[in-house]
Amino acid sequence: MTRTWRGTRLADLAAERGLDEAYRHEIRVVASVLPFKVDRYVVDELIDWSAVPDDPIFRLTFPARGMLPDDVYEPVSKLIRDGAGEREVRAAVTDLRRRLNPHPSGQADNVPLLNGDPVGGLQHKYRHTVLVFPSPGQTCHSYCGYCFRWAQFVGEPGLRFASSRPEDMVTYLRRHPEVTDVLLTGGDPLVMSTPVLRRWIDPLLDIGHVSTIRIGTKALAYAPSRVTDDPTLLHLVERCVRAGRQVAVMMHVSHARELATDSARRAIALLRGAGATLRAQAPIIRHVNDDPAAWADMWQAMVSLGIAPYYSFVERDTGAMAWFEVPLARALAVHTEAQRRVGGLARTARGPVMSATPGKIVIDGETTVGGERVFVLRMLQARDPALTGRVFFAHHSADATWIDGLRPAFAPHWPWETTGGSE
Ligand SMILES: *Cc1c(COP(=O)(O)O)cnc(C)c1O
Ligand code: SF4
């Protein structure tokens, strides 16, 4: 029995589920360019097939025509209709992918140096937190259509940054006593078996200043059996906690339905029982959760399961963005209206947040100052620590979807452009 469908094989699954040939062609085209992978758990337990194609989890994980601009879709569609071979399609696609901004927001700029050489697989942008991308963890149990890490999944050389050497991470961390948090991310670190995960986690327990080990994961949504069926993972968490570390599981949760299955609930309870703290975050995504009720339900479900809502994000400018993007004004309305519908414990998510080149920018609200309609923005995290907490303004826009579509208000420049930290 197939466990996982990848790429154009999703067309077979669509056929099994009675979806028509026109849509199967769209799958073949879109999945030739962007990465897709859907696990049986998602197919059997999360997607409501009676609501397809508008089902949010189907939208989250399956290809759609609108994910590609015409100048990418059409040439690939023609090749496939003309019966081009796999190799020919692959060659054409390699070039076309460059039009989809594979590395948004200067992620490649955050790679730190050790003795003058870049340390592969690390990002150190904010003083206290180092991101680690273990190379065996650069995939996920299923893929989200909007993933801004998509370039890492298509396996193109030069579009990956991953660490295969935990020793380099350790050497770097020993020289950076200001780092309190290490965030293992990917992909999904929980695709690694526990013995492999331990190669990155065990050495952290010898570095006194790393007090928090964060694990960024979507496994609780996409593969809760990863947690429920592996007691050694729970033992690892317990060992970290006994060693005085915080184990913070940073869950990626896109929809309340992901928290509703028995196995997800069991996995969450087991991690909490082992001493981990759980937080959850996700982008506000059109076709999936761009609706205050979706967020209010999700936050409520989190709180009832002992998960703290952490961030709501604005979708990054990459990959299938045009299909999934939500204007900043709409993201703000969704976040604010959802907050109004829940109590204080469910209102702990900050957002909507843009993780942009100069830092994490939250849109705190909109208001009118001296007759001018503006967004009130604030730096939650900044590459230049002196800017953290800075409040600033932008002219209101109904359709801008990212900071680069806004104009500063009451100031000639953005804060990061006036402090020498401009990029
Ligand atoms: C969001 C983020 C972090 C973590 O920020 P917190 O606000 O501490 O959760 C660290 N590094 C990068 C590059 C980030 O984008
Ligand atoms: S779980 Fe995260 S890294 Fe994996 S596909 Fe989804 S957004 Fe991307």
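Residues numbered from 1 in each chain as written. Chains lettered and ligands numbered in written order. Predicted model: local features only at pLDDT ≥ 70, side-chain atom pairs only at ≥ 80, totals over all residues. Heavy atoms only, no water.

Colleague: Hey, could you go over the nonpolar core for me, with residue numbers and the actual values?
Modeller: Counting residues in each nonpolar core, the largest one holds 61 residues, and the members touching the most others are Leu173, Met251, Leu259, Leu271 and Ile307. Considering every element that reaches this core, the biggest residue donor is helix 14 (residues 292–304), with six residues. Ignoring sequence-local partners within four residues, the contact set of Met251 consists of Thr217, Leu220, Leu259, Ile268, Leu278, Arg279, Ala280, Gln281 and Ile307. The next biggest cluster of nonpolar side chains, apart from the first, holds 46 residues, and it includes Val30, Tyr41, Ile47 and Tyr73. (Core = buried A, V, L, I, M, F, W, Y, C linked by side-chain atoms within 4.5 Å. Buried < 20%, exposed > 50% of the residue type's maximum accessible area, 1.4 Å probe, protein only. Helix = DSSP H or I, 4+ residues; strand = E, 2+ residues; numbered from the N terminus. Contact = heavy atoms within 4.5 Å.)

Colleague: Please provide a residue-by-residue account of the pairing of strand 14 (residues 372–382), values included.
Modeller: Across 10 bridges, the pairing between strand 13 (residues 359–369) and strand 14 is antiparallel. Considered in strand 14, the bridge of Ile361 is made with Met379. Counted along the chain from strand 13 to the antiparallel partner strand 14, the turn is two residues long, and its residue Gly370 has a positive phi close to 55 degrees. Examined bridge by bridge, strand 14 and strand 15 (residues 391–395) share five bridges and lie antiparallel to one another. Paired with Phe375 across the bridge in strand 15 is Ala394. (Pairing = 2+ DSSP bridges.)

Colleague: Tell me about the packing of aromatic side chains, and name the residues and values.
Modeller: A complete count under the given rule lists 13 aromatic pairs for this structure. Between Tyr23 and Phe58, the aromatic rings sit 6.0 Å apart at their centres with planes inclined by 45 degrees, giving tilted as the arrangement. Pair noted here: Tyr23 is in helix 2 (residues 21–33) and Phe58 is in helix 4 (residues 56–61), with a separation of 35 residues, a long-range link. In this structure Tyr23 comes out as buried when scored by relative accessible area, which is 13%. On the basis of relative accessibility, which here comes to 2%, the residue Phe58 falls in the buried class. Taken together, the aromatic side chains of Tyr23, Trp49, Phe58 and Phe62 make up a single cluster linked through ring pairs. When the ring centre of Tyr73 is taken as reference, the NZ or CZ atom of Arg65 above it lies at 3.8 Å. (Phe/Tyr/Trp six-rings, centres within 6.5 Å; stacked < 30°, edge-to-face > 60°. Lys NZ or Arg CZ within 6 Å of the ring centre and 35° of its normal.)

Colleague: How would you sum up the environment of Asn110? Please name residues and give values.
Modeller: Mapped onto the elements of the fold, Asn110 is located in the loop between helix 6 (86–96) and strand 3 (113–114). Distance from Asn110 to Leu328, taken between C-alpha atoms, is 25 Å for residues 218 residues apart in sequence. Aside from chain neighbours lying at most four places away, what touches Asn110 is Leu122, Gln123, His124, Lys125 and Arg383. A distance of 2.9 Å separates a polar atom in the side chain of Asn110 from a polar atom in the side chain of Arg383. (Polar contact = N/O pair within 3.5 Å; in protein donor to acceptor, adjacent residues only side chain to side chain.)

Colleague: Any details on unusual backbone geometry? Residues and values, ideally.
Modeller: Of the consecutive residues Val52 and Pro53, the connecting peptide bond is found in the cis state with omega at 10 degrees. Structurally, Pro53 can be placed in the loop between helix 3 (40–46) and helix 4. Omega for the bond connecting Gly186 with Gly187 falls within 30 degrees of zero, at 15 degrees, which places this linkage in the cis form. Counting through the fold element by element, Gly187 comes out in the loop between strand 7 (181–184) and helix 9 (194–201). A positive phi angle, near 50 degrees, is found at Asn115, a position not held by glycine. According to the relative accessible area criterion, Asn115 is exposed, its value standing at 62%. The phi dihedral of Phe410 falls on the positive side, at around 60 degrees, and the residue is not glycine. Mapping Phe410 onto the fold places it in the segment after strand 15.

Colleague: Please set out the domain arrangement of the protein chain residue by residue, giving values where relevant.
Modeller: We note that the domain assignment places domain 1 (4–100) and domain 2 (107–290 + 297–308) within the protein chain. Using C-alpha coordinates to define each centre, domain 1 is positioned 27 Å away from domain 2. On the domain 2 side, the residues contacting the 25 residues of domain 1 number 27 residues. Interface of domain 1 and domain 2: buried area, both sides summed, is about 2100 Å²; carbon and sulfur atoms make up 60% of it. Considering only the surface of domain 1 that becomes buried against domain 2, Pro35, Lys37 and Leu60 emerge as the three largest contributors, covering 32% of it. There are one salt bridge connecting domain 1 and domain 2. Residue Arg257 is joined to Asp55 by a salt bridge in which the shortest nitrogen-to-oxygen separation is 2.6 Å. Inspection of the region where domain 1 meets domain 2 yields eight residue pairs in polar contact (both at pLDDT 80 or more). (Domains from an automatic or database assignment. Buried area = accessible area lost by both parts, 1.4 Å probe. Salt bridge = Lys/Arg side-chain N within 4 Å of Asp/Glu carboxyl O.)

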